Amino acid sequence: MQTPMWQEQDNQLTRNFQFADFSEAFAFMTRVALIAEKMDHHPWWSNVYNQVTIKLSTHDAGNTITEKDRTLAGAIDALVD
């Protein structure tokens, strides 16, 4: 799986993920959803077949990157790295 690290773009942490197929990508999204729900911090994301793009920012802080985003990014990294 290709996993370039998080990039700071437009006041968001952004990372693209590529998986073997749609089922693997969807399973990853399900695991992220469970973590995000527990943190009450929900990402913007996109999924096309085996590719998932995630963007993180904190709406309550004016749509900027906060420690909350970095914590969720670290939890997501732990799923794939």
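Residues numbered from 1 in each chain as written. Predicted model: local features only at pLDDT ≥ 70, side-chain atom pairs only at ≥ 80, totals over all residues. Heavy atoms only, no water.

Asks: When you look at the overall build of the chain in this model, what are you seeing that I'm missing?
Replies: Scanning the chain for helices and strands turns up two helices and four strands. Secondary structure elements of the chain occur, N-terminal to C-terminal, as β-β-α-β-β-α. Structurally, the chain occupies a C-alpha span of about 35 × 25 × 20 Å along its principal axes. With 81 residues in all, the chain has 31% of them scored as buried. Partitioning the intrachain contacts of the chain with sequence separation of at least 6 by distance along the chain shows that 59% fall at a separation of at least 24. In the chain, 6 positive and 11 negative side-chain charges are present, and the distance between their average locations comes to 2 Å. (Helix = DSSP H or I, 4+ residues; strand = E, 2+ residues; numbered from the N terminus. Buried < 20%, exposed > 50% of the residue type's maximum accessible area, 1.4 Å probe, protein only. Contact = heavy atoms within 4.5 Å. Lys, Arg positive; Asp, Glu negative; His and termini not counted. Charge placed at Lys NZ, Arg CZ, Asp CG, Glu CD.)

Asks: Got a minute to help me understand helix α1 (residues 22-39) in this structure?
Replies: An α-helical segment advances 3.6 residues per turn. Residues three or four places apart therefore align on the same side. Here α1 contains 18 residues, and its C-alpha end-to-end distance of 26 Å stays within 8% of the 26 Å for a straight helix at 1.5 Å per residue. Turning to α1, its buried residues number three or more, namely Ala25, Phe28, Met29, Val32 and Ala36. Around the axis of α1, the buried residues are gathered within 100 degrees of arc, so they sit on the same side. Counted as exposed and oriented over 90 degrees from the buried face of α1: Ser23, Leu34, Glu37 and Lys38. On its buried face, α1 sits against β2 (12-18), β3 (44-48), β4 (51-56) and α2 (67-80). (Expected span 1.5 Å × (residues − 1). Arc of directions from axis to C-beta.)

Asks: Just checking my understanding: could you explain the environment of Glu8 for this structure?
Replies: Tracing the sequence through the fold places Glu8 in strand β1 (residues 7-9). Its relative accessible area of 55% is what places Glu8 among the exposed residues. For the pair Glu8 and Asp40, spaced 32 residues apart in sequence, the C-alpha separation works out to 21 Å. The contact partners of Glu8, leaving out residues within four places of it in the chain, are Leu13, Ile65 and Arg70. Among the polar contacts listed, one links the side chain of Glu8 to the side chain of Arg70, at a separation of 2.9 Å. (Polar contact = N/O pair within 3.5 Å; in protein donor to acceptor, adjacent residues only side chain to side chain.)

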